[in-house]
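# Architecture at a glance
Here are the chains, one letter per residue:
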Amino acid sequence: MSDSRLSTLPTPCLLVDEAKMERNIDRLANHAAELGVSLRPHLKTTKSVDAARYVLNPRNPAATVSTLAEAEVFARNGIKDIVYGVGIGLNKLERVLDLHRAGCRLTVLLDSEAQAEAVAKASREAGIAIPAMIEIDSDGHRSGLTPQDPILISVGRILHEGGAELAGVLCHAGESYFAVGREAQRKFAETERDAVVDAAAALRQAGLPCPTVSVGSTPTAHAAADLTGVSEMRAGVYVFFDLVMSGIEVCSVDDIALSVLTTVIGHQEKQGWLICDAGWMAMSRDRGTANQQVDQGYGLVCDENGVLIPDLMVAQANQEHGVIAVRSGSDATMPELPLGTRLRILPNHACATAAQHQRYHVIPKEPGAELVTWERFGGW
Ligand SMILES: Cc1ncc(COP(=O)(O)O)c(C=O)c1O
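About the cut-offs
- Residues numbered from 1 in each chain as written.
- Predicted model: local features only at pLDDT ≥ 70, side-chain atom pairs only at ≥ 80, totals over all residues.
- Heavy atoms only, no water.
- Pairing = 2+ DSSP bridges.
- Helix = DSSP H or I, 4+ residues; strand = E, 2+ residues; numbered from the N terminus.
- Contact = heavy atoms within 4.5 Å.
- Axes fitted to C-alpha atoms, helices over the stretch in contact; angles between N-to-C directions.
- Phe/Tyr/Trp six-rings, centres within 6.5 Å; stacked < 30°, edge-to-face > 60°.
- Buried < 20%, exposed > 50% of the residue type's maximum accessible area, 1.4 Å probe, protein only.
- Salt bridge = Lys/Arg side-chain N within 4 Å of Asp/Glu carboxyl O.
- Domains from an automatic or database assignment.
- Buried area = accessible area lost by both parts, 1.4 Å probe.
- Polar contact = N/O pair within 3.5 Å; in protein donor to acceptor, adjacent residues only side chain to side chain.
- Nonpolar A, V, L, I, M, F, W, Y, C, P; charged D, E, K, R; others polar.
- Near = heavy atom within 4 Å.
- Areas by Shrake-Rupley, 256 points an atom, 1.4 Å probe, with all protein chains shown as cover.

## Some thoughts on the sheet that holds strand β6 (residues 131-136)
Strand order across the open sheet formed by 8 strands is β2-β9-β8-β7-β6-β5-β4-β3, with parallel pairing between neighbours. The sheet is open, and its two edges are formed by β2 (38-39) and β3 (62-65), each paired on a single side. Here strand β7 (residues 165-171) pairs with strand β8 (residues 212-215) via 4 bridges, running parallel. Looking at the pairing, G168 lines up with T212 of β8. Packed on one face of the sheet, helix α3 (residues 68-76) meets β3, β4 (81-87) and β5 (105-110) and runs near 175 degrees to β4.

## Things to note about the packing of aromatic side chains
The full count for this structure, using the stated rule, is 4 aromatic pairs. Aromatic pair F240 and Y360: ring centres 5.6 Å apart, planes at 55 degrees, arrangement tilted. A residue pair is termed long-range when its members are at least 10 positions apart, and F240 in the loop between β9 (232-233) and α9 (243-247) and Y360 in strand β16 (residues 359-363) qualify at 120 residues. The exposure class assigned to Y360 is buried, which follows from its relative accessible area of 0%.

## Notes on the environment of P58
Along the chain, P58 turns up in the loop between α2 (49-55) and β3. For the pair formed by P58 and I79, sequence separation is 21 residues and the distance between their alpha carbons is 9.5 Å.

## Considerations on the pattern of salt bridges
Opposite charge on two side chains allows them to pair when their charged atoms are near. Summed over the entire model, instances satisfying the criterion amount to 20 salt bridges. Put simply, D226 and R193 hold a salt bridge, and the shortest N to O gap is 4.0 Å. Taken together, the residues span a long stretch of sequence, with D226 in the loop between α8 (218-223) and β9 and R193 in helix α7 (residues 182-205) at a distance of 33 residues. With its nearest N and O atoms 2.8 Å apart, the salt bridge here joins R287 to D295. Classification of R287 by relative accessible area gives partly exposed; the value is 28%. Taking the relative accessible area as the measure of exposure, D295 reaches 28% and is therefore partly exposed. Each member of the salt-bridge network shares a partner with another, and the members are K20, R23, D254 and D255.

## Focus on unusual backbone geometry
Omega for the peptide link from T11 to P12 comes to 0 degrees, which places this bond in the cis form. Within the secondary structure layout, P12 lies in the segment before β1 (13-17). Unusually for a residue other than glycine, D311 sits at a positive phi of about 65 degrees. In this structure, D311 sits in strand β13 (residues 308-317).

## Here's the deal with the side chain of T67
Relative to the helices and strands, T67 resides in the loop between β3 and α3. Discounting chain neighbours no more than four positions away, the residues touching T67 are K47, Y84, G379 and W380.

## Some points on the domain arrangement of the protein
We note that the domain assignment places domain 1 (4-14 + 257-375) and domain 2 (36-239) within the protein. Here the C-alpha centroids of domain 1 and domain 2 sit 35 Å apart. Taken together, the contact pairs 8 residues of domain 1 with 10 residues of domain 2. Of all residues in domain 1, C351, Y360 and W374 bury the most surface against domain 2, accounting for 63% of the area lost on that side. The interface formed by domain 1 and domain 2 includes 0 salt bridges. Summed over the shared surface of domain 1 and domain 2, the result is 2 residue pairs in polar contact (both at pLDDT 80 or more). Of all elements in the fold, only α11 (350-354) and β17 (372-375) reach the threshold of two or more residues within the side of domain 1 that touches domain 2. Per-class residue counts for the side of domain 1 that touches domain 2 are 6 nonpolar, 1 polar and 1 charged.

## Section: the site of the ligand
Taken together, 13 residues sit near the ligand, with Y177, T218, R234, G236 and V237 positioned nearest. Y177 places a side-chain nitrogen or oxygen 2.3 Å from an oxygen atom of the ligand. One nitrogen or oxygen atom from the side chain of R234 is found 3.0 Å from a nitrogen atom belonging to the ligand. Protein burial of the ligand: of its 390 Å² of free accessible surface, 92% is covered by the chains. Here the residues of the shell around the ligand sort into 3 nonpolar, 7 polar and 3 charged.

## Section: α3
The buried fraction of α3 is high, at 7 of 9 residues. When α3 is considered as a whole, its buried residues turn out to be L68, A69, E70, A71, V73, F74 and A75. Buried residues along α3 sit against α2, β3, β4, α4 (93-101) and β5. Looking one or two residues beyond α3, the residue adopting positive phi is G78, at roughly 95 degrees.

## A closer look at the environment of E192
Assignment of secondary structure puts E192 in helix α7. Between the C-alpha atoms of E192 and D139, which are 53 residues apart in sequence, the distance is 7.8 Å. With residues up to four places along the chain from it excluded, the contact list for E192 reads S138, C171, H172, A173, V215, G216, S217 and T220. One polar contact links E192 to T220, side chain to side chain, over a distance of 2.9 Å.

Shown next as structure tokens:
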């Protein structure tokens with residue numbers, strides 16, 4: 001039976017299943033509580049003030065962001081404790097100070113003496129001690145200092161003695177996205193924890209403060225079993241989940257709360273294809289499952305109600321055309337889906353797919369309730 005609430009939506013557009021999203025949010029919130037750490041949700045996935053209300057603690061809203069634009073929007077909407085989780089660019093310090101002047105405690109991230117000196121100098125000149133965390137590298141994924149690197153102590157000293165605020169250490173186990181299954185992810189969670197705990201110990205041994213010890217990625221946050229020495233964890237994509245996360249068994253396909261509503265606009269019977277109006281502009285170019293055990297193309301196909309159609313995927317994508325086909329090697333047959341049929345596509349990477357859209361159309365958890373719209377934003 002078709003859902004009349006979806007029939008008037010323009011396609012392609014972005015759908016959120018509120019019940020699944022709440023289940024995902026509760027799952028990690030409960031796990032963080034069991035582990036005795038606070039959760040600092042990463043708002044880069046949703047980039048929406050309405051969605052942020054679901055994940056933040058109303059009494060003590062603390063968030064992570066990936067751009068200063070996010071920090072500025074969320075600060076204007078009452079979120080006053082924000083970690084900007086990307087190494088600070090020296091050209092961005094004036095905006096950091098403006099956020100402080102507007103009452104937002106924005107913590108920056110850095111991993112070099114040059115950044116620390118610039119943050120300390122900006123702090124002295126403005127008379128505002130900018131909080132800064134030192135990024136720690138646990139797996140060679142991207143940036144950060146290893147806990148043994150002697151630069152760690154000199155960076156800490158430059159911040160602490162130079163007029164900034166040494167707020168702590170932060171690690172993101174980016175290699176955990178390539179670990180399949182809970183056991184493998186738990187090892188990354190342990191390496192991530194050990195790296196920050198060792199770094200915090202090294203700073204404290206050098207007589208420096210290290211109040212916050214922060215870890216997090218969606219796979220390690222879920223897999224962690226013991227976070228002794230850690231004060232908070234961060235995660236973002238756990239809110240929606242996606243095919244990359246189900247491909248490494250952090251969630252099931254049924255947990256994915258985000259989808260793109262699309263319409264069948266053509267058939268290529270000789271090729272066995274359906275053409276839909278969700279191309280890569282609607283799905284994003286992300287092919288994060290390409291190197292996983294099961295390649296999901298540009299996304300898996302569900303009917304309008306979100307029920308998976310076995311072995312149907314968006315096999316190719318042009319800008320505004322999605323080519324839907326039966327997975328190669330499968331003996332499934334293409335169902336009859338006439339022109340105008342509405343389908344939902346589950347995304348590879350929720351952050352990337354959501355970023356292609358300006359709003360979410362939310363299917364409320366109360367059966368039959370009217371759809372709700374949440375605006376989202378982008379930019380830097
Ligand atoms: C600094 C930082 N913290 C946390 C995360 C967690 O994000 P996710 O939920 O996507 O794993 C990320 C992801 O890129 C990050 O860069």
